[in-house]
Amino acid sequence: MKKVHNFNAGPAMLPPPVLEQVQAELRDYQGRGMSIMEMSHRSKEYEGVNSQAEATFKRLLGLTEGYRVLFVQGGASTQFAMVPMNFLPPGGVADYLVTGSWAEKALEEARGLGQARAAASTEADAYRRVPHANEIKLGPDAPYVHLTTNETIQGIQWHHVPDVGDRPLVADMSSDILSHPFDAGKFALIYAGAQKNLGPSGVTAVVLRESWLARANKNVPTMLRYATHVKNNSLYNTPPAFGVYVLNLVLGWIDRQGGLAGMAERNELKAAVLYEVIDGSGGFYRGHALSESRSRMNITFRLPSEALEKAFLAEAQAAGMVGLAGHRSVGGIRASTYNAVSLESCQALASLMKDFARKNG
Ligand SMILES: Cc1ncc(COP(=O)(O)O)c(C=O)c1O
C-alpha cells in the first residue's frame, strides 16, 4: 500500500487503527452479517454506537450533567445559521469575535438572520492574531458571544477562553476540537464539522448546555431546532450513521492515547518541530501568525517567492507529502497537523523544509 504523509486541511487524516477496525468489521458488524451502514438507525447496535459516542465525548470534555452532545448534518456552515436562528431573539444584537475567514462567514450568516456585530476584529492586522482583552467591546445584553477557536485558513488559534462575563459563549471548534484540554463548562454551545479531528465529513458535533434551550426561539423549522435533536437523542430522522460510527471509533482512539491531555502533548510536539524550522530559517520561511496566536493545528507560512512555493510543493509531493498548499484565498503553505497526524510525518516535513532552505536560501 502506498504510504503518504497526509497534511490535508479537511477532510483530513484519520487514525490508522480506526481505519483498520472499519475495514475489519465492514462486511459483518458484530456478527450481524451486514455492515452498520445497512441496518436501521433504530437497531440496538446503532443506538449503542450513538449513545456511546455521546458518553465518550462528554467524558473526554469533562462534562457530565447539564450538557448534551448532538450529531447532526449540514456541516459547520449550517451551524452558522442554526445558532442565530435559535438564539438570536428579535431586537437582540449578537457579538462576534472576528479572527479570520471562518469567523467572518459566521458573522455574515448571522447578519442575514438578525442583528450581529463584530465586537472585535483583527482584520486590520491581516488576521495574524486573536484580539487582546482590551480590544473586545461586548454589548451589555448580547444574547451570545461567538468565537472561532482555530482559524483553519490563517492558522490562528485562541490559547485562552476570553472573559465574556455571564453572556453565553458559542464556539466554532471545527479545526481544534478535542486537540487539547479546555474548560468546556464555560461554553453554552460548541460546534464542529467532524472532518478534521473527529471523523469523516457528513456529521457535525454540537455540545449544548441544556438550560440555554429555555431561551431558544420557537419559530424555527423542525430540523433546525436544537430542541428537536436533544429530545430525540440525535435520532429524529435518519442520522449520518456511518459517520457517527467512525466518529465513535475516533473518540475511543483519543481516549486510549490519554484523552485530551495526551492529544495536547502530541500536538504541541508536532507543531514545535515545524515552528522551530520556521524560526530558525533566518527569514526564509515566514510564519503568518504572531507567535502568541500560532495554531497547533494549521501551520501557515510563506517562502520568499511564489515560484519557490511551487517548487517546495513539488518536492514535498515527490516525497509523499500531500495537502500542503495554502487555502486558495491566501496562498502560501499550510501544514494541517490534526490529532491523527503523526510526529513522524511532521519530522519528515521539517527535514524537507531544512533541506529546501539550504538549497534555495
Ligand atoms: C473553522 C471552520 N469553520 C467552519 C468550517 C466549515 O465547515 P463545513 O465544511 O463542515 O461546513 C470550516 C471548514 O473548513 C472550518 O475550518
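See the structure above.
Just so we're clear, the structure is a prediction, and the values are computed from it rather than from any experiment.

Rules of the game
- Residues numbered from 1 in each chain as written.
- Predicted model: local features only at pLDDT ≥ 70, side-chain atom pairs only at ≥ 80, totals over all residues.
- Heavy atoms only, no water.
- Helix = DSSP H or I, 4+ residues; strand = E, 2+ residues; numbered from the N terminus.
- Buried < 20%, exposed > 50% of the residue type's maximum accessible area, 1.4 Å probe, protein only.
- Lys, Arg positive; Asp, Glu negative; His and termini not counted.
- Salt bridge = Lys/Arg side-chain N within 4 Å of Asp/Glu carboxyl O.
- Contact = heavy atoms within 4.5 Å.
- Pairing = 2+ DSSP bridges.
- Axes fitted to C-alpha atoms, helices over the stretch in contact; angles between N-to-C directions.

*Asks:* Is there a simple way to think about the side chain of lysine 270 in this case?
*Replies:* By the element assignment, lysine 270 lies in helix H7 (residues 259-279). Within the buried core, lysine 270 has no salt-bridge partner, and the shortest N-O distance to an opposite charge, that of glutamate 268, equals 11 Å. Dropping the residues within four chain positions of it, lysine 270 is found in contact with Thr337, Tyr338, Asn339, Val341, Ser342, Leu343 and Cys346.

*Asks:* Even after reading the chapter, I still don't get the sheet that holds strand S5 (residues 145-148), so can you show me in this structure?
*Replies:* Remark on secondary structure: sheet strands pair via backbone hydrogen bonds, oriented parallel or antiparallel. Reading across from one edge, S2-S10-S9-S8-S5-S3-S4 is the order of the seven strands in this open sheet, with mixed pairing throughout. Every other strand in the sheet has two partners, leaving strand S2 (67-72) and strand S4 (115-121) as the edge strands with one partner each. Within this sheet the neighbouring strands show an average axis-to-axis angle of 20°, counted without direction. In this sheet, strand S10 (residues 204-209) lies alongside S2 in antiparallel orientation, the contact comprising six bridges. If you follow tyrosine 67 over to S10, its bridge partner there is arginine 209.

*Asks:* So what exactly am I meant to see when it comes to unusual backbone geometry here?
*Replies:* The phi torsion of most residues other than glycine is negative, and most of the peptide bonds are trans. At the junction of glycine 10 and proline 11, the peptide bond is cis and its omega measures out at -5° in the coordinates. With respect to the element layout, proline 11 can be found in the loop between strand S1 (5-6) and helix H1 (16-25). Even without a glycine there, the phi angle at alanine 126 is positive, about 55°. Tracing the chain through its elements places alanine 126 in the loop between S4 and S5. Among the residues examined, alanine 126 registers a relative accessible area of 43% and is labelled partly exposed.

*Asks:* What should I look at first to understand the sheet that holds strand S12 (residues 298-302) in this one?
*Replies:* Across the sheet, which stays open at both edges, the three strands sit in the order S11-S12-S14 with antiparallel pairing between neighbours. Pairing within the sheet leaves two strands with one partner each, and these edge strands are strand S11 (286-287) and strand S14 (333-336). The pairing of S11 with S12 spans two bridges and is antiparallel. The partner of glycine 287 across the bridge, within S12, is phenylalanine 301. H7 contacts S11, S12 and S14 of the sheet and is inclined by roughly 10° relative to S12.

Read these as geometric descriptors, not functional statements.
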